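Single-letter residue listing:
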Amino acid sequence: MRRGSIVRLTIYGVLAGIVASVVAVLVPWLPTSASEEMDRIEFTFWFTTVICIAVFAVVAAAIVYSVLNFRVQPEDETDGPPIHGHTGLEIVWTAIPAVLVTAISIVSAIVLAKNDNTGPNPLRISVTAQQFAWKFEYPGGDKVVSGELVLPVNRPVKLTLHSLDVIHAFWVPEFGQKSDAVPGIETTLVITPNRVGEYAIVCTELCGLGHSTMRAPVRVVQQAAYEKYLADEAAGGAPDETSGAAVFTTAGCGGCHAFAPAGTDSQVGPSLDAVDPQGQPLKDFLLESIEDPNAVLASGYQPDVMPNTYDKSLSEEQLDALVQYLVDGQEGSE
Ligand code: CUA
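So, here is what we can say about the structure in this document. (Residues numbered from 1 in each chain as written. Predicted model: local features only at pLDDT ≥ 70, side-chain atom pairs only at ≥ 80, totals over all residues. Heavy atoms only, no water.)

**Thoughts on the overall build of the protein**
In plain terms, the rule: Numbering of helices and strands runs from the N terminus, with a helix taken as a DSSP run of H or I at least four residues long and a strand as a DSSP run of E at least two residues long. Between buried and exposed lies partly exposed: a residue is buried under 20% and exposed over 50% of the maximum accessible area for its type, with that area taken using a 1.4 Å probe on protein chains only. Only heavy atoms enter the contact rule, under which two residues are in contact if any of them lie within 4.5 Å. Surface exposure here means Shrake-Rupley accessible area, sampled with a 1.4 Å probe, where a residue is shielded only by the protein chains that are shown.
Along the backbone of the protein there are eight helices and twelve strands. Across its three principal directions, the C-alpha atoms of the protein cover 90 × 55 × 35 Å. Evaluated residue by residue, the protein yields a buried proportion of 37% over its 334 residues. Considering only contacts in the protein between residues 6 or more positions apart, those separated by 24 or more positions represent 66%. For the protein, the accessible area works out to roughly 19,000 Å², and carbon and sulfur atoms hold 61% of it.

Below, the structure is given as structure tokens:
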């Protein structure tokens, strides 16, 4: 190959590499990391991306060079020269990708193993998913349960995921890790948050009409603030657990129903601001509609959309509190 050709090939390759690098760096492909696991996932992503950019630059340079140098001249109708392959080139373009793919596999395997490893003493939090809400049970003697996930910074957390009805999936984009919550089995997920802040859990498994509303807040705080949160929840938590407003939130009613006192405005199910009890006493009608949602359907709404598991997942006390909360919140009442 002549010297001039090598110089031109190199220039094309460098230009293609610059274009690809600009696209890789300037577009925010990933959310800002907030966990050690996400840091490792980002490393894997960039390790692979750099290799891809190098391969792209070589291939693009060869294509551009070939198009410019070997294109057929006008009115040239002769056959091209017979070419019989090039053993040296073929060995090179098989061996180099094999080495690169092996390197990516090794890096990925190490990251997967590390991202599954909690270390000796993780914080264990139980996560329960149901249509369309998340519930978190914290360790310790006080059995704190809340609809918000609060995590201390820089401590490995092992989440055990359960589902009461269908398959859901736990994902916080900034934490990177993702896992399904499957009815009947227990799945786990390891997270080591390393950036204080507020994030959101997103359900990423289509789980029903309220799927897109199935979110819950996550706060990463200092250890002291975490302990204070648990203490506050434990102190005020016991009566609050069974207050109608708390049940409305933890059972996920607001995921589908508009209700002014709770500040929700979802349109998946009928509004609860002015319920028409269809001639029944309001309390009886509300309780029946919670326990057996298909008994009376609001006009324009389909059967089997609302879960029919609340008579089992909520205690009698919680159901009464929820009904009373809805009664008190009716438009026109005090
Ligand atoms: Cu739960 Cu989608």
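**Looking at the sheet that holds strand 8 (residues 187-191)**
The cut-off we apply is this: Note on pairing: two strands pair once DSSP finds at least 2 bridges between them.
Across the sheet, which stays open at both edges, the five strands sit in the order 3-2-1-5-8 with mixed pairing between neighbours. Two strands close off the open sheet at either side, each with one partner strand: strand 3 (145-146) and strand 8. Sheet topology note: the strand 5 (residues 157-163)/strand 8 ladder contains five bridges and is antiparallel. From the neighbouring strand, Leu-159 faces strand 8, where its bridge partner is Leu-189.

**Re the pairing of strand 4 (residues 149-152)**
The alternating pattern of strand 4 places Leu-149 and Leu-151 on one face and Val-150 and Pro-152 on the opposite face, and all of these are buried. Judged from the four bridges that link them, strand 4 and strand 10 (residues 215-221) form a sheet pairing that is parallel. Each bridged residue has a counterpart across the sheet, and for Leu-149 the counterpart in strand 10 is Val-218.

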